[in-house]
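Residue-level structural notes
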Amino acid sequence: MIEILSSTLRLATPLIFAAMGGFLCERSGIATICLEGVLLTSAWAGATVTYYTNPYLGVLAAIIVGAMTMALHALLTVKAKADQIISGVAVNLFAAGITPILTKLLFGSSTNTESIPLHARLYSPVLTLLAFLLPFLIHFVTYRTGWGLRLLACGDGPEALKTSGVSPAKVRYWALSIAGAIIGFGGVYLSTAHASQFTRDMTAGRGFIALTALIFGKWRPLPAFIACLFFGFTDALQIQLQSSPLLGNTFPVQALQIFPYLITLLVLVGFIGSAKPPLAIGKVE
Amino acid sequence: MESLNPEVFSFKNITKTFASVLANHEVSFSVAEGTIHGVVGENGAGKSTIMKILYGMFEPDSGTIHFQGKPRSIPDPQTAISLGIGMVHQHFMLVPTLTVWENIILGKEPSKWLLDKASILKQLKSLKTKFGFQVDLEAKIESLSVGHQQQVEILKLLYRKANILILDEPTAVLSPQEVESLFEKLKLLKKAHKTIVIITHKLKEILSFTDSVTVMRQGKAIETLPTSSLTEDSLAEKIIGRKRIPLNFEKSGFEPEPVLKVASLSLSEAHNSILRHISFEINRGEIVGIAGIEGNGQHELIEVLAGVEKNYSGTVILNQENIKELSAYDLKQKGFSLIPPDRHLEGVILPFSLAENAILGHHRDPQIKSGPFLSSTKITQLASQLIQSFDIRPGEPSQSIAGLSGGNQQKLVVARETAREVSFLLAAHPTRGIDIGAIDFIHQYFLKLKAQGTAMLLISSELEEILKLSDRILVLYRGEIVAQVLKNEATEKDLGLWMTGGSKK
């Protein structure tokens, strides 16, 4: 039982970072299916810089690269007025393509970076603690401050915000860059705390699960946080079942691994209709 | 009297073009401080453009703005706001999911960080009571009536310490009572030495509430004069630039021969009753008007009568035939015709040509076919006929209809829908948002149809139109007919009261 619980916390951590980044992005009125790609580039940067220097610079690199990847999405959608879904797909494909190339250049293998010894890795509970505080901080900033008011207005009525003398484009650049930095924590957690190295496509759909958690939480930070815990739990359960003597031998592992994704699918089918996204999402100005 | 007030701003020879369209041409006029000033003209006369230039939304190609006596450039709304100029747009600029107080402070929050809700509410409450606003500060915008949303917009300007308030078509969506209450507040604002500019095409409001008027026509400011020197007719003539044609009632009565009989019509959607026991008849050559604020069941009534909505109880008989089993297409074959409420949504297809729009819904007509195919020669011929008899300009059949003014687009819709024998015409908002010239034309044409024996149901949010044309007026409120009056018994005040659920008759 304790095993499942601690495993839930560990598995939920990257989801929370990604979902909170997604929250800021979607609330500013930009669809954010590129969470996956941002996690991936920041995971790579975190692992690589940690390997060559130390975990602190590794975290910093992940934050910067996460913010830069998200800024690319912002540039495509806000500046170039590209379709938000297409831009998100482009960012995901870009991330999936650039990370193996850079890995190959630096480490000679396109599938993974060199493994980082445990003593040179980040003390992971720090990041988990941060992940558990973050939703409350974001809730407070969004619903109690002037910045938050502008963010909400930007997602639900950018025209109104504009006539009030605030540039929605500016709000979006800020929101997306900060979102990218937050997702960066999730990325570096994946490659240096959850694992000991970056491996190709290691995010394995977590960005999409985080997005689902955001929708499941009806685009509110605290419910989305709960949803992340729920998805973390389903993943933990799946891992436990794999090693359980009851099922482990008779049941194909792949069928168990599908469990969290199946839940994701069911949640999306059941909830996407009743949840209302920010009104400006998907609209090119 | 008003001329004693000092000038607060003026335009000097402002010219503005969009692409190749001349929106403002050498516009010059001035507005005195502490007055209510009307800017009046038809759609496309350039009245919104000139005020948006003052608000910094557009930059003029040439000419200058003088503000408090000095030339001043206003490159963006922020500059305008800092000069104390505020604007309420025709389409409200509010965030529907946020509360009233959040919308008011948006963009000018007392702090970027923690918002002290209690002190904000206190400040807004005193602002609210000072000018007699009643809106609930903690309500969400999406739950408010349009009248209250407008109050929020005005409060938003006052919170920003605006001294010049520009209102773009403020009464287009209001009931007569809401219009009264709006102008009461504007008078209070005027007493507090605020200057108010109202952009409108409604003559009555100009005449009863403004101190001075600027008339605009085809991008030019024709004249600026005190309101007291004007009458409704003289103002209308200045706006359209020629004499008005008086309506010609060839025949005021009708024959007692029912064409349409609606009996106990009810309709529910998701457990909400939308229409409740509606019964009325329309006779040959009779025009029945339905007055009511939009959203009180008009939309559903139109759908039932047009044969689109079948899920109703009660009966609708058109020319002795129950329409329940008839499709929308069948109905058209049986002498029913519809002028749809939203021209751009249902009346025309904007990227299509005039000729293509002229046959919308009539593409099965053998008259425009050769064999199984549509004949472009025949279609062009038909379109040219309609264009000529309705004086539609520019009248090139192959041109896209998007290039025409609203009035000319609507003329094509009316022409198309009445090209064949029509025994019952359902006209929904037939003159919404079009110029006076086209309105006069369409009204005149309706009376011609009436004289020929067409029964007509006129649904409109313009009381003036209903009063002018109808033989009988029904008032629709929350899906119910709450009053029924004959033409000469009806007053605008009574109708307004009934429309807002004031009382029944």
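Keep in mind the model is a prediction, meaning the values are calculated, not measured. (Residues numbered from 1 in each chain as written. Chains lettered and ligands numbered in written order. Predicted model: local features only at pLDDT ≥ 70, side-chain atom pairs only at ≥ 80, totals over all residues. Heavy atoms only, no water.)

**Observations concerning the overall build of chain A**
Worth spelling out the cut-off: Strands here are runs of E lasting at least two residues and helices are runs of H or I lasting at least four, both read from the DSSP assignment and numbered beginning at the N terminus. Think of it in three bands: with a 1.4 Å probe and only protein chains considered, a residue is buried below 20% of the maximum accessible area for its type, exposed above 50%, and partly exposed in between.
When helices and strands are counted, chain A shows 12 helices and zero strands. When the helices and strands of chain A are read in sequence order from the N terminus, they spell out α-α-α-α-α-α-α-α-α-α-α-α. For the C-alpha atoms alone, the extent of chain A along its principal axes is close to 60 × 40 × 30 Å. Taking all 285 residues of chain A together, 53% fall into the buried category.

**Let's talk about the environment of isoleucine 239 of chain A**
Relative to the helices and strands, isoleucine 239 of chain A is located in helix α10 (residues 221-243). Measuring from C-alpha to C-alpha, the distance between isoleucine 239 of chain A and valine 253 of chain A comes to 9.3 Å, with 14 residues separating the pair along the chain.

**Here we look at the sheet that holds strand β1 (residues 7-18) of chain B**
Residue and element names in this part refer to chain B. Inclusion rule: Two strands are counted as paired when DSSP detects at least two bridges linking them. Where helices are involved, their axes are fitted lines through C-alpha atoms of the stretch in contact, as for all axes, and angles between N-to-C directions lie from 0 to 180°. Throughout, a residue-residue contact means that at least one pair of heavy atoms, one from each residue, lies within 4.5 Å.
Here we have four strands laid out as an open sheet, ordered β2-β1-β4-β5, and antiparallel in their pairing. Across the chains shown, the open sheet's two edge strands, defined by having one partner strand only, are β2 (21-32) and β5 (70-72). In this sheet, adjacent strand axes meet at a mean angle of 25° when their direction is disregarded. Where strand β4 (residues 62-67) and β5 come together, three bridges link them in antiparallel fashion. Counterpart to isoleucine 65 in the pairing with β5 is arginine 72. Across the sheet, helix α1 (residues 47-54) touches β1, β2 and β4, and the angle it forms with β1 is around 115°.

**Concerning the domain arrangement of chain B**
Residue and element names in this part refer to chain B. This is how the line gets drawn: All domain edges in this entry derive from an automatic or database-based domain assignment. The buried area of a pairing is the accessible area, by a 1.4 Å probe, that goes missing from both parts when the two are put together, added over both. Basic side-chain nitrogens of Lys or Arg form a salt bridge, by our definition, when they fall within 4 Å of a carboxyl oxygen of Asp or Glu. Definition of a polar contact: a pair of N or O atoms within 3.5 Å, with one able to donate and the other able to accept a hydrogen when the atoms are protein atoms, and with sequence-neighbouring residues admitted only if both atoms are side-chain atoms. Each residue gets one of three labels, nonpolar for Ala, Val, Leu, Ile, Met, Phe, Trp, Tyr, Cys and Pro, charged for Asp, Glu, Lys and Arg, and polar for the others, Gly among them.
Each assigned domain of chain B is listed here: domain 1 (7-240), domain 2 (256-335 + 421-505) and domain 3 (351-419). Tallying the contact residues gives 10 residues for domain 1 and 15 residues for domain 2. Summed over both partners, the interface of domain 1 with domain 2 buries about 910 Å², with 55% contributed by carbon and sulfur atoms. Remark: the boundary between domain 1 and domain 2 carries one salt bridge. At the surface where domain 1 touches domain 2, the tally comes to one residue pair in polar contact (both at pLDDT 80 or more). Looking at the side of domain 1 that touches domain 2, the element that brings in the most residues is helix α8 (residues 232-240), giving three residues. Of the residues that constitute the side of domain 1 that touches domain 2, the class distribution is three nonpolar, three polar and four charged.

**A closer look at the packing of aromatic side chains**
Applied cut-off: Stacked, edge-to-face and tilted labels apply to pairs of Phe, Tyr and Trp rings (six-membered ring for Trp) whose centres lie within 6.5 Å, assigned for plane angles under 30 degrees, over 60, and everything in between, in that order. Either the NZ atom of lysine or the CZ atom of arginine qualifies as a charge over a ring when it sits within 6 Å of the ring centre and within 35 degrees of the ring normal.
One pass over the full model with this rule turns up 16 aromatic pairs over all chains. Pairing phenylalanine 183 of chain B with phenylalanine 209 of chain B gives two aromatic rings, centres 3.8 Å apart and planes at 5°, and the pair type is stacked. A residue pair is termed long-range when its members are at least 10 positions apart, and phenylalanine 183 of chain B in helix α6 (residues 176-191) and phenylalanine 209 of chain B in helix α7 (residues 203-209) qualify at 26 residues. Assessed through its relative accessible area of 14%, phenylalanine 209 of chain B is described here as buried. Connected via pairs of aromatic rings, a cluster forms that spans Tyr51, Tyr52 and Phe107 of chain A. Between the NZ or CZ atom of lysine 185 of chain B and the centre of the ring of phenylalanine 133 of chain B, over which it lies, the distance is 5.9 Å. Stacked on the ring of phenylalanine 441 of chain B, the Lys or Arg lysine 411 of chain B has its end atom at 4.6 Å from the ring centre.

**Here's the deal with the pairing of strand β22 (residues 480-486) of chain B**
All names here are of chain B. Two strands pair when backbone bridges link them, and strand β21 (residues 472-477) and β22 are joined in this way by six bridges, in the antiparallel orientation. Following the sheet pairing, arginine 472 is matched in β22 by leucine 486. Connecting β21 to the next strand, β22, in antiparallel fashion are two residues, including arginine 478 with a positive phi near 50°.

**Examining the confidence of the model for chain A**
In plain terms, the rule: Per-residue confidence from the predictor is given as pLDDT, running between 0 and 100.
Averaged over every residue, the pLDDT of chain A is 88; the share at 70 or more is 95%. Between the elements of chain A, mean pLDDT differs from a low of 75, seen in helix α12 (residues 259-271) of chain A, to a high of 94, seen in helix α2 (residues 35-52) of chain A.

**Quick word on helix α8 (residues 168-194) of chain A**
In an α-helix, one turn spans 3.6 residues, which is why side chains three or four residues apart end up on the same side. Residues and elements named next belong to chain A. For clarity, the threshold we go by: The span you would expect from a helix comes to 1.5 Å times its residue count less one. Here the bend at each residue means the angle between axes fitted to two seven-residue stretches, the one ending at that residue and the one beginning there.
If you check α8, its first and last C-alpha atoms are 37 Å apart, about what 27 residues at 1.5 Å a residue would give, namely 39 Å. The largest bend in α8 comes to about 25°, at valine 188. α8 sits mainly inside the fold: 19 of its 27 residues count as buried.

**So, a nonpolar patch on the surface**
Put simply, the rule reads: Every patch collects residues that have over 30% relative accessible area and no salt bridge, joining them within 9 Å if they carry like charges and within 5 Å if they are nonpolar side chains (Val, Leu, Ile, Met, Phe, Trp, Tyr). Accessibility throughout is a Shrake-Rupley quantity obtained with a 1.4 Å probe, and a residue counts as covered only by protein chains that appear here.
Together, Leu137, Phe140, Val141 and Trp147 of chain A together with Trp113 and Leu114 of chain B make up a nonpolar patch on the protein surface, roughly 630 Å² of accessible area in all. Counting residues per element, the nonpolar patch draws most heavily on helix α5 (residues 124-144) of chain A, at three residues. You can see valine 141 of chain A is positioned in helix α5. For valine 141 of chain A, a relative accessible area of 31% gives the class partly exposed.

**What about unusual backbone geometry?**
All names here are of chain A. Here lysine 81, not a glycine, exhibits a phi torsion of approximately 55°, which is positive. Residue classification places lysine 81 among the partly exposed positions, given a relative accessible area of 41%. Its identity is not glycine, yet lysine 218 carries a phi of approximately 50°, on the positive side. Tracing the sequence through the fold places lysine 218 in the loop between α9 (206-216) and α10. With a relative accessible area of 41%, lysine 218 lands in the partly exposed category.

**A few points about the confidence of the model for chain B**
Within chain B, residue pLDDT values average 87, and 97% of them lie at 70 or more. Across the interface, the model reports ipTM at 0.79; the global pTM reads 0.74.

**Examining the environment of glutamine 484 of chain B**
Residues and elements named next belong to chain B. Inspection of the secondary structure assignment puts glutamine 484 in strand β22. Considered as a pair, glutamine 484 and isoleucine 290 are 194 residues apart in the sequence and their alpha carbons are 9.4 Å apart. A distance of 2.6 Å separates polar atoms of two side chains, one belonging to glutamine 484 and the other to arginine 472.

**Structural notes on the interface of chain B and chain A**
On the side of chain A, 20 residues touch chain B, which itself brings 24 residues to the contact. The junction of chain B with chain A conceals about 1800 Å² of combined surface from both sides, 66% of it contributed by carbon and sulfur atoms. The three residues of chain B that bury the most area against chain A are Met93, Leu106 and Lys112 of chain B, which together make up 28% of that side's buried surface. For the interface between chain B and chain A, the tally reads one salt bridge. With a closest N to O distance of 2.8 Å, arginine 150 of chain A and glutamate 109 of chain B form a salt bridge. For the interface between chain B and chain A, the tally reads nine residue pairs in polar contact (both at pLDDT 80 or more).

**As for the nonpolar core**
Stated formally: By nonpolar core is meant a set of buried Ala, Val, Leu, Ile, Met, Phe, Trp, Tyr and Cys residues that side-chain atoms within 4.5 Å join together.
Counting 53 residues, the largest nonpolar core has Met20 and Met70 of chain A as its most contacted members. For this core, the leading source of residues is helix α1 (residues 2-27) of chain A, giving 10 residues. Counting 50 residues, the second-largest nonpolar core is a separate cluster that includes Cys154 of chain A together with Val88, Met93 and Leu186 of chain B.

**Section: the packing of α2 of chain A against helix α4 (residues 84-107) of chain A**
Residue and element names in this part refer to chain A. We apply this condition: Should an angle fall under 35 degrees it is taken as roughly parallel, and over 145 as roughly antiparallel, whereas 65 to 115 is taken as roughly perpendicular and any remaining angle as oblique. Working rule for handedness: look at the near helix, and if it is turned counterclockwise from the far one by less than a right angle, call the crossing left-handed; if clockwise, right-handed.
One can describe the packing of α2 onto α4 by two numbers: an axis separation of 7 Å at closest approach and a directional angle of 20°. When the axis of α2 is compared with that of α4, the two are roughly parallel. α4 is crossed by α2, and the crossing has left-handed handedness. Contacts between α2 and α4 involve Glu36, Gly37, Leu40, Thr41, Trp44, Thr48, Tyr51 and Tyr52 on the former and, on the latter, Val91, Asn92, Ala95, Ala96, Ile98, Thr99, Leu102, Thr103, Leu106 and Phe107. Residue composition of the contact of α2 with α4, by class: 11 nonpolar, six polar and one charged.

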